[in-house]
Amino acid sequence: MKNSSLVHVGLAILRILPSAFMMTHGFPKFQKLLSGNTEFPNPLGLGQAPSLFLTVIGEFICPILLIIGYKTRWAAIPSALTMAVAAFIVHAADPFGKKELALLYLTIFVVIFLLGPGKYSVDRR
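All of these numbers come straight from a predicted model, not from anything done at the bench.

Here we take up helix α3 (residues 72-90). The first and last C-alpha atoms of α3 sit 26 Å apart over 19 residues, in line with the 27 Å expected at 1.5 Å per residue. Residues Thr72, Ala75, Ala76, Ser79, Ala80, Thr82, Met83, Ala86 and Ala87 constitute the buried set of α3. For α3, the arc enclosing every buried residue in end-on projection is 160°, short of the 170-degree limit, so these residues lie on one face. What points out from α3, more than 90 degrees from its buried face, is the exposed set Trp74, Leu81 and Phe88. Summarising the contacts, the buried residues of α3 are in contact with α1 (3-35), α2 (48-68) and α4 (96-115).

Laid out in structure tokens, this is it:
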């Protein structure tokens with residue numbers, strides 16, 4: 001395998017695995033939204049239902065797009081913004097250990113935005 005091939009494998013791993021992990025956080029929120037229960041924190045003052053809807057986009061819908069590598073850079077933005085809100089607003093007063101996971105996801109989604117999907121993606125086909 002040439003070095004450039006390893007880069008593309010690395011980009012695929014960076015896209016797919018963290019996005020799949022993120023979906024484990026987003027799926028319960030997606031189910032909650034589908035059931036009509038919109039009780040949810042309102043960190044930006046938009047309202048509970050819009051906050052839940054935007055979180056589902058960032059934690060469930062966009063990670064699906066990232067996994068398949070479709071509109072990858074665009075899909076990374078809502079996920080990164082969701083994690084920025086989680087780290088810097090929702091967990092602002094918490095110790096670092098409580099916001100660390102959101103910061104890791106934020107970093108990953110920013111890197112995906114900067115580097116793109118790599119050749120193993122729908123975007124590159």
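Put simply, α1 and α4 touch, their axes get as near as 10 Å, and they point 140° apart. As summarised for this structure, α1 and α4 are arranged oblique, according to the angle between their axes. In terms of crossing hand, the pair formed by α1 and α4 is left-handed. Only Leu101, Tyr105, Ile108, Phe109, Val111, Ile112 and Leu115 of α4 make contact with α1, whose side of the interface consists of Leu11, Leu14, Arg15, Pro18, Ser19, Phe21, Met22 and His25.

Moving on, we get to the pattern of salt bridges. Any two side chains of opposite charge can pair if their charged atoms end up close together. For the coordinates displayed, the defined rule picks out one salt bridge. In this structure, lysine 29 and glutamate 59 form a salt bridge, with 2.7 Å as the shortest nitrogen-oxygen distance. Taken together, the residues span a long stretch of sequence, with lysine 29 in helix α1 and glutamate 59 in helix α2 at a distance of 30 residues. For glutamate 59, a relative accessible area of 8% corresponds to the buried category.

Thresholds applied
Residues numbered from 1 in each chain as written. Predicted model: local features only at pLDDT ≥ 70, side-chain atom pairs only at ≥ 80, totals over all residues. Heavy atoms only, no water. Helix = DSSP H or I, 4+ residues; strand = E, 2+ residues; numbered from the N terminus. Expected span 1.5 Å × (residues − 1). Buried < 20%, exposed > 50% of the residue type's maximum accessible area, 1.4 Å probe, protein only. Arc of directions from axis to C-beta. Contact = heavy atoms within 4.5 Å. Axes fitted to C-alpha atoms, helices over the stretch in contact; angles between N-to-C directions. Parallel < 35°, antiparallel > 145°, perpendicular 65-115°, else oblique. Left-handed = near helix turned anticlockwise from the far one by under 90°. Salt bridge = Lys/Arg side-chain N within 4 Å of Asp/Glu carboxyl O.

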